[in-house]
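One-letter residues, chain by chain:
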Amino acid sequence: MSLRTLRSLVAVAVATAVATTALVGPPVTAHEARQGGPRHHAPTLRQAAPPGFVIGSAVAGGGHHVDQPYPDPFPNDRVYRHLLGKEFSSVSPENQMKWEFIHPERDTYRFGPADAIVRFARQHHQVVRGHTLLWHNQNPSWLTEGDFTATELRQILRDHVFTVVGHYRGRIQQWDVANEMLDGSGQLRTTDNLWLRELGPGIIADVFRWAHRADPHAQLFFNDYGVEGVNAKSDGYLSLISDLLADGVPVDGFSVQGHLSTRYGFPDDLAANLQRFADLGLETAVTEVDVRMDLPGGAEPTGAQLAQQADYYQRMLEGCLAVDTCRSFTVWGFTDKYSWVPVFFPDEGAATIMTGDFERKPAYYALRSTLADAT
Ligand code: 9MR
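Quick caveat: nothing in here was measured; it's all calculated off a predicted structure. (Residues numbered from 1 in each chain as written. Predicted model: local features only at pLDDT ≥ 70, side-chain atom pairs only at ≥ 80, totals over all residues. Heavy atoms only, no water.)

Student: Account for the overall build of the protein, naming residues and giving values.
Tutor: Broken down by element type, the protein carries 16 helices and ten strands. Out of the 375 residues belonging to the protein, those deemed buried represent 51%. Put simply, of all contacts in the protein between residues at least 6 apart along the chain, 77% involve residues at least 24 apart. Carbon and sulfur atoms provide 53% of the accessible area of the protein, an area that totals close to 16700 Å². (Helix = DSSP H or I, 4+ residues; strand = E, 2+ residues; numbered from the N terminus. Buried < 20%, exposed > 50% of the residue type's maximum accessible area, 1.4 Å probe, protein only. Contact = heavy atoms within 4.5 Å. Areas by Shrake-Rupley, 256 points an atom, 1.4 Å probe, with all protein chains shown as cover.)

Encoded structure:
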């Protein structure tokens, strides 16, 4: 065989080997299969998470977005949707399941936008947190200005719970049944909460019972802000929930929202606080994390601010991971492009884990390495 023939035979053999590898690819391990494919790049958040632990985001739409100069984010922003599907294993409709959105008129339910999120979640193998059924805020004006009797109001609420929870039966992992029931001193919000004011505190137990009948497999939660640490408000929840459990009310969980600011210290007793709810036999969760910072006159975040923010995100996640029943950790939006923070807090912002251009911030990497370390 001439040298030339040998060379061309080798060339063919090499080309065939390359083509075969390209077609078949390296073998997929069982671990990769679970995570959705071979891992050629750094893992996403959901890939880094330990088995059984979900990492979520709120799904932008409704609420403050309605007055912003951009189209409804979730249906329209392709980059946003891509990252939402890729990075997260849990989604929470930011506004799309709230009363004013899903029940805009007395006889009208508008399920379309929330249905689209639930469908997206199914396609992307994500669980859903439902948010929310009993709250003082974002109730439609037909309801708040309706001048209903207590009997009518109770019937309206019962119908709403059976209709909405029933509509998503089997599709919701955790429902924020009761949102922000207590004030800062741990007392029921009987003034600004329409339901508590008109129907009395007993309505809370009714709503949990109705929701449980409408979807027996959904975990039913109390959810609030300012209850990350041990304080008067979280003490109030501990005693409220203990009483409800003693009465056989189907409460399954207690969650802390986690809207933090670099202005204030970090709630170091987060894990200890969650643990006392876990000790009641409850699931726990962190449901709405963001860490805002002062940006006077639209200033850019400094390196020090971003580092402090990353540290707060990391410690929130570590606090959750330290408690056996805390298996769900959700950020309240993952990009500054759509965050509620600058709309509600002038001169504050940059509260999420990615910039408005979807660049990952130190907080993103802090979450990812904390998840990976826990695996
Ligand atoms: O992010 C939500 C924003 O779009 C709404 O305009 C706002 C109205 O109250 O609610 C925001 O979400 C809140 C959540 O439902 C409950 N916890 C506090 C969140 C931030 O305000």
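Still to come is the rest of the account.
Student: Give me the state of the cysteines: which residues, what numbers.
Tutor: Evaluation of the coordinates by the stated rule reveals one disulfide. There is a disulfide in this structure between cysteine 320 and cysteine 326, and the S-S distance comes to 2.0 Å. Between cysteine 320 and cysteine 326, the disulfide has an S-S torsion of -100° and is therefore left-handed. (Disulfide = S-S within 2.5 Å.)

Student: Any details on helix α14 (residues 303-321)? Residues and values, ideally.
Tutor: With 19 residues, α14 extends 27 Å between its outermost C-alpha atoms, agreeing within 8% with the 27 Å of an ideal straight helix rising 1.5 Å per residue. What α14 keeps buried is the set Gln305, Leu306, Gln309, Ala310, Tyr312, Tyr313, Met316, Leu317, Gly319 and Cys320. At its buried positions, α14 is contacted by β7 (259-261), α13 (270-278), β8 (283-294), β9 (326-331) and α16 (362-374). (Expected span 1.5 Å × (residues − 1).)

Student: Explain the nonpolar core to me, and be specific about the residues and the numbers.
Tutor: Counting 94 residues, the largest nonpolar core has Trp175, Phe222, Tyr237, Phe329, Phe334 and Ile353 as the members making the most contacts within it. Look past the residues within four positions of tryptophan 175 in its chain and what remains in contact with it is Met97, Gly130, His131, Thr132, Leu133, Val164, Val165, Ala218, Gln219, Leu220 and Phe221. Core analysis: the second largest hydrophobic core is formed by five residues, Ala58, Trp332, Trp340 and Ala351 among them. (Core = buried A, V, L, I, M, F, W, Y, C linked by side-chain atoms within 4.5 Å.)

Student: Requested: an account of the pattern of salt bridges, with residues and values cited.
Tutor: Inspection of every chain in the model, using the stated rule, returns 15 salt bridges. Salt-bridge contacts for arginine 263 lead to glutamate 348; the nearest nitrogen and oxygen are separated by 3.4 Å. One end of the pair, arginine 263, is in the loop between β7 and α13; the other, glutamate 348, is in strand β10 (residues 348-349), with 85 residues separating them in the sequence. For arginine 315, the salt bridge is made with aspartate 268, and the minimal N-O distance between the two is 2.9 Å. Of this pair, arginine 315 sits in helix α14 while aspartate 268 is found in the loop between β7 and α13, placing the two residues 47 residues apart along the sequence. Relative accessible area serves as the criterion here: at 63%, aspartate 268 is assigned to the exposed category. Salt bridges linked by common partners bring Arg263, Arg292, Asp294 and Glu348 together as one network. (Salt bridge = Lys/Arg side-chain N within 4 Å of Asp/Glu carboxyl O.)

Student: Can you lay out the side chain of serine 339 for me, pointing to particular residues and giving the numbers?
Tutor: Relative to the helices and strands, serine 339 resides in the loop between β9 and α15 (341-344). Classification of serine 339 by relative accessible area gives buried; the value is 7%. Once residues lying within four places of it in the same chain are set aside, the contact partners of serine 339 are His64, Ala351 and Thr352.

Student: Go over α13 with me, naming the residues and quoting the values.
Tutor: The periodicity of an α-helix, 3.6 residues per turn, causes residues three or four positions apart to be oriented the same way. Every buried residue of α13 is listed here: Leu270, Asn273, Leu274, Arg276, Phe277 and Ala278. Those residues of α13 that are buried lie in contact with α12 (232-246), β6 (253-256), β8, α14 and β9.

Student: Tell me what's going on with the packing of aromatic side chains, and back it up with residues and numbers.
Tutor: For the structure shown, the criterion picks out 19 aromatic pairs. Taking 5.8 Å as the distance between ring centres and 65° as the angle between the ring planes, the aromatic pair formed by phenylalanine 222 and tyrosine 237 counts as edge-to-face. Of the two residues, phenylalanine 222 is situated in strand β5 (residues 219-224) and tyrosine 237 in helix α12; the sequence distance between them amounts to 15 residues. For phenylalanine 222, a relative accessible area of 0% gives the class buried. Arranged with centres 5.3 Å apart and planes meeting at 85°, the rings of tyrosine 364 and tyrosine 365 form a pair that is edge-to-face. Site record: aromatic cluster; members linked through ring pairs are Tyr70, Tyr80, Phe88, Phe334, Tyr338 and Phe358. (Phe/Tyr/Trp six-rings, centres within 6.5 Å; stacked < 30°, edge-to-face > 60°.)

Student: Report on the site of the ligand, specifying residues and quantitative values.
Tutor: Looking at the ligand, there are 17 residues lining it, with His64, Glu94, Lys98, His131 and Glu288 nearest. Here an oxygen atom of the ligand and a side-chain polar atom of histidine 131 are 2.7 Å apart. Glutamate 180 is positioned such that a nitrogen or oxygen atom in its side chain is 3.1 Å from a nitrogen atom of the ligand. Taken together, the residues of the shell around the ligand sort by class into four nonpolar, nine polar and four charged. (Near = heavy atom within 4 Å. Polar contact = N/O pair within 3.5 Å; in protein donor to acceptor, adjacent residues only side chain to side chain. Nonpolar A, V, L, I, M, F, W, Y, C, P; charged D, E, K, R; others polar.)

Student: I'd like to hear about unusual backbone geometry, residue by residue, with values.
Tutor: Of the consecutive residues histidine 131 and threonine 132, the connecting peptide bond is found in the cis state with omega at 0°. Unusually for a residue other than glycine, glutamine 138 sits at a positive phi of about 55°. Residues other than glycine seldom take positive phi values, yet glutamate 180 does so here, at roughly 60°. Relative to the elements of secondary structure, glutamate 180 occurs in the loop between β4 (174-179) and α10 (194-199).

Student: Lay out the packing of α13 against α14 in plain terms, naming residues and giving numbers.
Tutor: Close contact between α13 and α14 brings their axes to 8 Å; oriented N to C, the two are set at 30°. As far as their axial angle goes, α14 and α13 are roughly parallel. Crossing of α13 over α14 shows right-handed handedness. Residues Leu270, Ala271 and Leu274 of α13 lie in contact with α14, whose contacting residues are Arg315, Met316, Gly319 and Cys320. Split into classes, the residues belonging to the contact of α13 with α14 amount to five nonpolar, one polar and one charged. (Axes fitted to C-alpha atoms, helices over the stretch in contact; angles between N-to-C directions. Parallel < 35°, antiparallel > 145°, perpendicular 65-115°, else oblique. Left-handed = near helix turned anticlockwise from the far one by under 90°.)

Student: Explain the pairing of β4 to me, and be specific about the residues and the numbers.
Tutor: Most of β4 is tucked away: six of the six residues are buried. Bridging between strand β3 (residues 127-134) and β4 involves four bridges; their strand directions are parallel. Within β4, the position partnered with arginine 129 by the bridge is glutamine 174. Here β4 runs beside β5; their pairing, made up of five bridges, is parallel. Within the sheet, the bridge partner assigned to asparagine 179 lies in β5 and is asparagine 223. (Pairing = 2+ DSSP bridges.)

As far as function goes, none of this settles anything; it's purely spatial.
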